[in-house]
Amino acid sequence: MTKLIRLTTDADIGVIVIDNPPVNALTHPAVPDGIAAAIRRVEDDPALAAAVVIGHGKTFISGADLNEFEEITSGNHPVPDILPLLRGIEDCTKPVVMAVHGAALGGGLEVAMAGHYRVAVADAQFGQTEVRLGIMPGASGTQRLPRLVGLAKAAEMCAEGTIVRAAEALKLGLIDRVVDGDLLAGAIAFAREVAGRPTRTTRERTDKLGAPDQHAAIFAAAREAARKKQRGLTAPLLAIDAIEAGTRLSFDEACQLERDLFRQCLFSDGSKALIHVFFGERTVAKVPDVPATTPVLPVGCAGVVGAGMMGGGIAMVFANAGIPVVVKDIDQAALDRGMAALQRGYATAVKRGRTSQADADARLALIKPTLRYEDFADVDFVVEAVVEDMDLKTRVFRDLDATCRKGAILATNTSSLDLDRIAAATRRPESVIGTHFFSPANVMRLLEVVRGKATGKEVVATTMKLAKRLGKIGVLVGNCRGFVGNRMFDQYRREAQRLVEEGAAIEQVDRAMVDFGMPMGPLAVGDLIGLDVLYHGRNDLREAEARRGQPPPLEDRLYGLKRLGQKSGAGWYTYDDDRRATSDPDLAALVRKWAAEAGVVQRPVSADEIVERCVYALVNEGARILDDGYASRASDIDVLFINGYGFPAYRGGPMWYAQTIGLPKVHARIREFHQAYGPAWQPAPLLTRLADAGRTFTGRDVGAH
Ligand code: NAD
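The following paragraphs examine the structure supplied in this document. Owing to the predicted nature of the structure, the values given are computational and were not obtained by experimental measurement.

Looking only at helices and strands, one finds 30 helices and 19 strands in the chain. Radius of gyration (C-alpha) of the chain: 28 Å, near the 27 Å computed for a compact globule of 705 residues. For the C-alpha atoms alone, the extent of the chain along its principal axes is close to 90 × 60 × 50 Å. Across the 705 residues that make up the chain, the buried fraction comes to 55%.

Another aspect to go through is the pairing of strand S4 (residues 96-100). The two faces of a sheet get side chains in turn, since along a regular strand they alternate between them. When you tally the buried positions in S4, you get five out of five residues, the bulk of the element. Across the two faces of S4 the burial is the same, with Val 96, Met 98 and Val 100 and Val 97 and Ala 99 all buried. Sheet analysis places strand S3 (residues 50-55) next to S4, joined by four bridges and oriented parallel. Within S4, the position partnered with Ala 51 by the bridge is Val 96.

With that settled, consider the sheet that holds strand S5 (residues 103-105). Strands in a sheet are paired, the pairing made by backbone hydrogen bonds, and the direction either parallel or antiparallel. Spatially, the three strands line up as an open sheet ordered S5-S7-S8, and their pairing is mixed. The open sheet terminates on both sides in strands that have one partner only, identified here as S5 and strand S8 (164-165). As paired strands, strand S7 (residues 125-127) and S8 are joined by two bridges and run antiparallel to one another. What sits directly across from Phe 126, in S8, is Val 164. The sheet contacts of helix H4 (residues 107-114) involve S5 and S7, and relative to S5 the element is tilted by about 95 degrees.

The next thing to look at is unusual backbone geometry. The peptide bond linking Pro 21 to Pro 22 adopts the cis configuration, its omega dihedral lying at 5 degrees. Here Pro 22 lies in the loop between strand S2 (13-18) and helix H1 (30-44). That bond from His 28 to Pro 29 is cis: its omega, -10 degrees, falls within 30 degrees of zero. Relative to the elements of secondary structure, Pro 29 occurs in the loop between S2 and H1. Positive phi, close to 80 degrees, is recorded for Ser 140, a residue that is not glycine. Inspection of the secondary structure puts Ser 140 in the loop between S7 and helix H5 (141-149). Taking the relative accessible area as the measure of exposure, Ser 140 reaches 0% and is therefore buried. Even without being a glycine, Arg 579 presents a positive backbone phi close to 60 degrees.

By size, the foremost hydrophobic cluster in this structure holds 93 residues, and its most contacted members are Ile 16, Ile 35, Val 52, Ile 89, Phe 126, Leu 145 and Leu 174. For this core, the element with the highest residue contribution is H1, accounting for seven residues. In this structure, Val 305, Ala 504, Leu 531 and Leu 663 belong to the second largest nonpolar core, which totals 90 residues.

Attention shifts here to the site of the ligand. The environment of the ligand is formed by 23 residues, the closest being Met 310, Asp 329, Glu 388, Lys 393 and Ser 415. With respect to the ligand, the backbone of Met 309 contributes an N or O atom lying 3.0 Å from an oxygen atom. Here an oxygen atom of the ligand sits 2.8 Å away from a polar atom, N or O, in the side chain of Ser 415. Contact with the protein chains hides 76% of the accessible area of the ligand, taken as 830 Å² for the molecule alone. Of all the secondary-structure elements, those providing two or more residues to the shell around the ligand are helix H13 (309-320), helix H16 (390-403) and strand S15 (432-437).

Below, the discussion takes up H16. Counted at 1.5 Å a residue, the expected span for H16 with its 14 residues is 20 Å, and the 20 Å between its end C-alpha atoms agrees. For H16, the full list of buried residues reads Met 390, Leu 392, Lys 393, Thr 394, Val 396, Phe 397, Leu 400 and Asp 401. In this structure, the buried side of H16 is in contact with strand S10 (302-305), strand S13 (381-384), strand S14 (409-412), helix H17 (419-424) and S15. Where H16 begins, one side-chain oxygen reaches toward the backbone nitrogen of Asp 391, 3.1 Å away; that side chain belongs to Asp 389.

Before going further, it helps to examine the packing of helix H20 (residues 506-516) against helix H26 (residues 607-628). Between H20 and H26, the shortest axis-to-axis distance is 9 Å and the interhelical angle comes to 75 degrees. Taken together, the axis directions place H20 and H26 in an arrangement best described as roughly perpendicular. Residues Gln 508, Val 509, Ala 512, Met 513 and Phe 516 of H20 form the contact with H26, whose own contacting residues are Ala 607, Ile 610, Val 611, Cys 614 and Val 615. Of the residues assigned to the contact of H20 with H26, the class counts are nine nonpolar, one polar and no charged.

Conventions we followed
- Residues numbered from 1 in each chain as written.
- Predicted model: local features only at pLDDT ≥ 70, side-chain atom pairs only at ≥ 80, totals over all residues.
- Heavy atoms only, no water.
- Helix = DSSP H or I, 4+ residues; strand = E, 2+ residues; numbered from the N terminus.
- Rg over C-alpha atoms; globule rule 2.2 N^0.38 Å.
- Buried < 20%, exposed > 50% of the residue type's maximum accessible area, 1.4 Å probe, protein only.
- Pairing = 2+ DSSP bridges.
- Contact = heavy atoms within 4.5 Å.
- Axes fitted to C-alpha atoms, helices over the stretch in contact; angles between N-to-C directions.
- Core = buried A, V, L, I, M, F, W, Y, C linked by side-chain atoms within 4.5 Å.
- Near = heavy atom within 4 Å.
- Polar contact = N/O pair within 3.5 Å; in protein donor to acceptor, adjacent residues only side chain to side chain.
- Areas by Shrake-Rupley, 256 points an atom, 1.4 Å probe, with all protein chains shown as cover.
- Expected span 1.5 Å × (residues − 1).
- Parallel < 35°, antiparallel > 145°, perpendicular 65-115°, else oblique.
- Nonpolar A, V, L, I, M, F, W, Y, C, P; charged D, E, K, R; others polar.

Written out as structure tokens, the structure reads:
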């Protein structure tokens, strides 16, 4: 045994405690070896009649130790194999009772299923969640789970990473009892009940595997669901293959096949990308010059100025986190509209079963509408979400500065205005910060936190911590135009429009990017945001661009034709009353005419070129942003794009994706584009340096994994 595993006894019951903080991961070889040794001691000790396996601290076994993954995939570590451990547990002649609290996920569930019985507290979670990291169960999960819960449910759990709680697990047959009160006491009592009974092994059970004539339909449905919900990932389909193989092969043969498929997933680009994202989402909270010891200010109540689309959503975000919030608008009618929208939002959440009526009522009760700034006197954190206008915003900040108590943080939800100018309207620029929520604010996970020149470290630390409390992923960025997300996204959308001008069909551009994995094409996104909003958002750039001889994007012309996107029934596409898009041949003809006027010779454009140019436009701008210090790490940019813009996680984000292609190759293409299409494609100096030196973005990350 190792010191991570303890064996104690309670009269005739051996209690095996896993103590590998923080989450009792299956660290190799200490944890599996320790459990195996403890099981052998229970077997050999005539005084013991059964064993209980339980996790110390807040959880059972939460899964594999992800810190080992990079070593494994780079070939420095063999792929761990816990099958012998599981066989050892199952072959113990005395009953082994797995006692689960917290989580039994991935390898943790595989260990739990090797026990003869499972008991759990009500909020315990069970899942084969490997698929979230682009892998699949690798130690009999695809074989033991179907034997306990049936093929269809097992296929869903393995392919989609669904988590079930104890009550459902009991119904499914995954566990044998839900323990009220103390888990260890309940598990020991259960072990005494079953002690002396012959043990039954999961692997020998076949009663849940169903009749062979039902199998084809079950697996066809599972594959269809996986293709739809898990686009671009092979792991879900391979997990289903392994489960299906289990209906034909012996248990051991199927485990061997599962292991081969698991290895295939483990070494795939998709898995490496998802593991990069997993660590990226943990690293993003660390700000290089704001140590973890920086004091954070308490946020007990909040305020929101502007009860429009964003302000309303932001108020819900605070209320959903249990933070009381005052919401102000300019007059009663606007306030009533805002509150009505909030009520509709909660009613929909109740109707769709996302929340209970009682919870929705409690949350709504935390939101207090007001027309008076006086109600902001005691709030700790204010988010301004009035219309995008510098004069209006500076006025609002002056008013807030005059009303809010000293030390209260004043945040703006601006998507493009200069934070430092807004901060300068106050006498407390150190307390001013940007909190750029994404629409719909109560749904999207990203919060782009914008740091101004004067923003204090405590204010940064408080806002980053608040982001987490609000259920958001906060990414800290610097104050440049469009910040990081929109600054990059603008380049991407512009490139899409240039491709159309050069001869690509509108729907071809969108289709290529959807096939790449984006949730919508870049032109359809423009129609969704509103081409008027995008036009006005560029008001400050137009003159300077014209001076530089840079032609305006095509969407300016669409705006001129009052084709504003979905809201006006026409933009890049035409829309019916249900906002269903169809292509517009008249617009295609117009684009040809505009191209001819601009002297652009149209030509066929391939899907590969569309993807390269749109994605490399992101990469080049991202490299510029890193060089200028507006983002701390390439992985921060990746996390931002995945959570705010729907960049496919299995490609790891734009910067990671560029590395998988190879920075020298990406750089060479960008140089070709530069020659062909001019200054917009000037290679970012950082990209040139890294490509020339054979280095990667990740290698220069601060605190890189
Ligand atoms: P909106 O027009 O829906 O809402 C603005 C609200 O502010 C209106 O209800 C208006 O009555 C109110 N308002 C105006 N002046 C006010 C004042 N002096 N005091 C109090 N309330 C006042 O606009 P929106 O789409 O919610 O955008 C708000 C902000 O969020 C803008 O800065 C915008 O750039 C930013 N933003 C918008 C999105 C988006 O997708 N819409 C995304 C991110 C950020």
